[in-house]
Amino acid sequence: MTEAVMNGDGEHSQTEQTESKQDGGGDTEQGEDPNEQEVIVIQDTGFTVKIQAPGTDTFDLQVSPQEMVQEIHQVLMDREDTCHRTCFSLQLDGNVLDNFAELKSIEGLQEGSLLKVVEEPYTVREARIHVRHIRDLLKSLDPSDAYNGVDCNSLSFLSVFTDGDLGESEKRKKKGSELEQIDCTPPEHILPGSKEHPLVPLQPQNKDWKPLQCLKVLTMSGWNPPPGNRKMHGDLMYLYIVTVEERHVSITASTRGFYLNQSTTYMFNPKPANPSFLSHSLVELLSQISPAFKRNFTALQKKRVQRHPFERIATPFQVYSWTAPQVDHAMDCVRAEDAYTSRLGYEEHIPGQTRDWNEELQTTRELGRKNLPERLLRERAIFKVHSDFAAAATRGAMAVIDGNVMAINPGEETRMQMFIWNNIFFSLGFDVRDHYRELGGDSAAHAAPTNDLNGVRAYGAVDVEGLYTLGTVVVDYRGYRVTAQSIIPGILEREQEQSVIYGSIDFGKTVVSHPKYLELLEKTSRPLKVHRHAVLNEKDEPVELCSSVECKGIIGNDGRHYILDLLRTFPPDLNFLPVEGEELPTECQQLGFPRQHRHRLACLRQELIEAFVEHRYLVFMKMAAMQLMQQKASKESGTSAAALSKQESQSPLEGKEAEESIPGLAQVKELAHSLVTEDGFGIEVVVNACKAVGSISNTSFDIRFNPDIFSPGVRFSDDNTEDIKKQKQLLKDAGAFLVSCQIPSLVKDCLDHTALPMDGATLTEAFHQRGINVRYLGTVLEFIDKAPTRAQLDHVFRIGITELITRCAKHIFKTYLQGVELSALSVAVSHFLNCFLSSFPDVVAHLPVDELASRRKNRRRRNRVAGGGDNTAWASLTPSDLWRNIVSEAQEYYHFTLQCESVDQAVERYGLQKITLLREISLKAGIQVLLKEYNFDSRHKPSFTEEDILNIFPVVKHVNPKASDAFHFFQSGQAKVQQGFLKEGCELINEALNLFNNVYGAMHVEICACLRLLARLNYIMGDHPEALSNQQKAVLMSERVLGIEHPNTIQEYMHLALYCFANGQLSTALKLLYRARYLMLLVCGEDHPEMALLDSNIGLVLHGVMEYDLSLRFLENALLINSKYHGPRSLKVALSHHLVARVYESKAEFRSALQHEKEGYTIYKNQVGEAHEKTKESSEYLKYLTQQAVALQRTMNEIYKNGSNASIMPLKFTAPSMASVLEQLNVINGIIFIPLSQKDLENLKAEVQRRQQLQESGKNEEQLENSQLELEDKLPVD
């Protein structure tokens, strides 16, 4: 958002205004009006229609005018009583409605209209759709699609822990009130200090998945397709079915419906059987001939409809599970048919069968975007096409590597082959024709596709009209990297030399340019910070470019301007690019940079460039301000003027607060304004400041990079040496900024827990958010290792080492797999995992006994993917070889010295867990292992056998198109909440949720974040049931789109447990917390700051249900972890002491209670002083404990003295009230309550506004800080 602001000079004040408005950032009052009106357009009120289907009662259906008729079709195909119909039309007063018409465009359709469902005759296509739909209904509870990673199915286990839907509170009320029967003992392996980490509980048994068998076999008959004479009787196709009662039947699908015929397996007799049971729906037919089918199908549909929709809806991108149980492989006609046709999903509705991906991707970009409805439509279309394209590209890439696709250049050796499948172009990540020889050969060819993808992402986000990029997906599968791209129309018919009218095809030896491209790329140069520059061509003439030389411009036959090969969109990273004769700044040299890297394509990340420019902007403004002050002071009348300018720069603070993420930007704007108006000397101030920060313009702040500076082969003319020198310096500064600012700030964020990585993926994300590439992992680890607060960074160091080791192992695994042929794949993978993780010293690969030893040995097949011979070199790998390679890889690639020679030494030295290493390598390499307990530590037998490797999945990288309007609403909602306007914040976030759903459909990571924040707001405003419902959706969605054990999912489970507790569902809350703890142990182990929060939650809930001893185990563990990670004097530790003291009080062990409360009291006294309410509370509680202790002692003495007839004072032993437990739960989870009566809200608002005004006049800063509502969530939203 700060783009225009940051690069803004005088003339750009216009754009600043519009920028901030679109973002709905701070100035919401003005900024949102246009949006609010647009939003109203969308929410046309819905209305109800009546639906009458054959064989069912008429029912009401709520519809909205925007819906298409087709969406009613979908609803009917999902409803329990009409789900078996697919081939029907909807009729209003006898007129058939057009499937693709919007409801509002249909004449006479209004509230209460009656729509009739009319059965239509079948065609072959309709019959196929019908069979497929019935098969989907039969498989609707079967998780095998999720295990196999197909059709965007994925796993979810929440309902196992909540016993179905949390919303049905009536039946829960009965359950919840009887406290006595809650069984609270956690499984042994969840208790603090437990050493075993089982894998099987990762996927608890879901009782719904015990399949209700409706049919034994449903498959296409061998008699297909019908012969001509039967076609003329209306036969469309034949099915073969075996019922549960073992009845074998043959069925004809005809235009009128389905009926039994007289064929058998070996005898074709298409005549109808007697009776033939002609039915329009296959379900009706089967229900008549098989009682078991009828019974089980009904039960199955009941269960299907009861499941939460989020357990069933497809995700936008496929999520793969790295574990799966042993699943029986059942016969499935549709799956079999799908495997051998290139159809993707339901593609028959597009004439001509295959989709023209390029046309679809580019047309959606061209849709209008003037107002909100148009933008929503456009973003939805872009997102949908992208997710379809990613699925098609993944499927194609796997087919290419598995050898199912013919190459377009079959004569060349396998590494050089290229493929086209389903209108997508595939190439392998090898250095073909020494293209990358000077840049690092195969390593460069492997890095180029991801760099290119980042370029595509960046240009796509800038979204300039008239500039087109290719659909790009990068797939890693079986050790190969495949790039899938959409095809520019006409590109295959001409030679590349003729097509390229902009850029260079030989890395800058020959270069051409084109005015239209310069004009288009000029628009991207400011947001992407790319400097327009001239390079010399082969004739030594300067050629103007506005991108790197490799970026090629091609005009397709469709007349569109495409750019491709965007691998150098961002400038090179000099820390990993040694250049002769160039010195890096000292802060880089001290850390041993520049370092040799495998290839010369290492570039800085976009996030780094933005952070760097932002940083420079502040430097620029500070310098200008300093100089102005000095100059004004040096004038005689200086004093008053200086004071004046100071005031001026203070005034514009109001209302801009939220918009300005950078402190002092508001003053800066004002200053920029006064600089332009100042007579005379303002200008030189700017010129000086511009020089100092390396701006490309002398009169305004504008930093851009020349991506070609250090490219080999690119030459610049002599007259701009000055400029080139400036550009080189800028690049060095950016590299220095990374190591001297960004890395320390990452470590600082980890120290104060604003960054909380839990596993490799979240660590990588934390790196990337700050613009640090993962190749700096070694540098970061060394930085942490030398930090004075090393112990408080233990968790980050351990996660970093795990990540380092598994990434090195992945690099080795990649080349290892390329030498394995398909028949030996499972043996080879299990052998690799044994060498990597097993303590068994002499792992021997059992070469597959050739299941089919053939006499004519080894007739070499030609079409093998690269490197496939009968290659058994992989079998000679030993654990010590592998670990030697890992250590040297860590040294070479990450420049980090690992001190271990085997997995056991690594575990011992760095405190790692083998199960965590298994999870990380499986996720990174796409391995799916059998869900069972692995014995890693046996010295007598290897951990894995070939039977344990179930599958190899692709690892897919693609562009994630964004829902921009929704995201702006979401951000302004967050800003409102942070200012304390909960109601408004809530409305904005609800609006964002609508828009997100509109663009992404129901399932998406960002919707998940939205639901989490909504739930939190519902909870704070006292609406517990609503909080529960939203958080339940957030958990389900996180499981489905991120994975069942993703760190985000663990957090969602914790939030849900809190809301369950608040709703009185104690046993559910405990189950959820135990689940979260199990997952966390698996993902990162016990020693992690987040574990302290989790254990405090568990301990509090156990205290509430009077399980004191158990409660203490968890709370004392939390105390230990808090002391380690927050330092023994932190307020968190004081709170931990207090929680432990309360449990001891409940156990009447007052001495221990006093001891802990004293510790807490001391911390409060030292940290916040005697007068603070926390210190007072603590001291009150100490007095109370002392009284209790004295009373107890008296009673004991009394008993000793007088024996049994002593008069005993009754002692007060208190089981804690639920309210007090909930209060503590809220405190530790960082939730501060606001009782929400309308009046309170108004007062609160007034209070916040008053504070803001106070703050603007520069007082009362600290006070505000203490009273700010703490609503920030642990995880960053985006």
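So, how was this worked out
- Residues numbered from 1 in each chain as written.
- Predicted model: local features only at pLDDT ≥ 70, side-chain atom pairs only at ≥ 80, totals over all residues.
- Heavy atoms only, no water.
- Axes fitted to C-alpha atoms, helices over the stretch in contact; angles between N-to-C directions.
- Helix = DSSP H or I, 4+ residues; strand = E, 2+ residues; numbered from the N terminus.
- Parallel < 35°, antiparallel > 145°, perpendicular 65-115°, else oblique.
- Contact = heavy atoms within 4.5 Å.
- Nonpolar A, V, L, I, M, F, W, Y, C, P; charged D, E, K, R; others polar.
- Buried < 20%, exposed > 50% of the residue type's maximum accessible area, 1.4 Å probe, protein only.
- Pairing = 2+ DSSP bridges.
- Left-handed = near helix turned anticlockwise from the far one by under 90°.
- pLDDT = per-residue confidence, 0-100.
- Expected span 1.5 Å × (residues − 1).

This brings us to the packing of helix α17 (residues 441-462) against helix α19 (residues 515-528). Think of two packed helices as two axes; the pair is described by the angle between the axes and how far apart they sit. Across the interface, α17 lies against α19 with an axial gap of 10 Å and an inter-helix angle of 105°. Between α17 and α19, the angle falls in the class roughly perpendicular. Contact residues: Ala-458, Tyr-459 and Val-462 in α17; Leu-521, Thr-524, Pro-527 and Leu-528 in α19. A breakdown of the residues in the contact of α17 with α19 according to their chemical character gives 6 nonpolar, 1 polar and no charged.

Before going further, it helps to examine the pairing of strand β15 (residues 480-486). In terms of burial, β15 is largely enclosed, as 7 of its 7 residues are buried. Alternating residues of β15 divide into Tyr-480, Val-482, Ala-484 and Ser-486 and Arg-481, Thr-483 and Gln-485, and every residue in both groups is buried. Pairing analysis gives 5 bridges linking strand β12 (residues 424-428) to β15, with the strands arranged antiparallel. Counterpart to Phe-425 in the pairing with β15 is Gln-485. Bridge count between strand β14 (residues 472-477) and β15: 6 bridges; the pairing is antiparallel. Bridged to Tyr-477 within β15 is Tyr-480. Between the antiparallel neighbours β14 and β15 lie 2 residues, among them Arg-478 with a positive phi of about 50°.

The next subject is the packing of helix α38 (residues 1066-1083) against helix α39 (residues 1089-1104). Running from N to C, α38 and α39 cross one another at 155°; their axes reach a closest spacing of 10 Å. In terms of orientation, α38 and α39 fall into the roughly antiparallel class. The hand of the α38/α39 crossing is left-handed. Two secondary-structure elements touch here, α38 through Leu-1070, Leu-1073, Tyr-1074, Ala-1076, Arg-1077, Met-1080 and Leu-1081 and α39 through Glu-1090, Met-1091, Leu-1094, Asp-1095, Asn-1097, Ile-1098, Val-1101 and Leu-1102. Class assignment for the residues of the contact of α38 with α39 results in 11 nonpolar, 1 polar and 3 charged.

As summarised here, the arrangement of the 5 strands in space is β11-β12-β15-β14-β23, forming an open sheet in which the pairing is antiparallel. The sheet is open, and its two borders are formed by β11 (418-421) and β23 (955-958), each paired with just one other strand. Across the sheet, the axes of successive neighbouring strands diverge by a mean angle of 20°, strand direction being ignored. In this fold helix α16 (residues 372-401) packs onto β11, β12, β14, β15 and β23, with an angle of close to 40° to the strand it touches most, β14.

Let us now look at the confidence of the model for the chain. Here the chain averages 84 in pLDDT, and 83% of its residues register 70 or above. In this model, residues 170-180 is a region of pLDDT below 50 whose contacts with residues beyond four sequence positions or in other chains number 13 contacts. Throughout residues 1257-1278 the model reports pLDDT below 50, and contacts reaching past four residues in sequence, or to other chains, amount to 35 contacts.

Let's shift gears to α16. Over its 30 residues, α16 extends 43 Å from the first C-alpha to the last, a length consistent with the 44 Å expected when each residue adds 1.5 Å. Positive backbone phi, at 80°, marks Gly-403, one or two positions downstream of α16.

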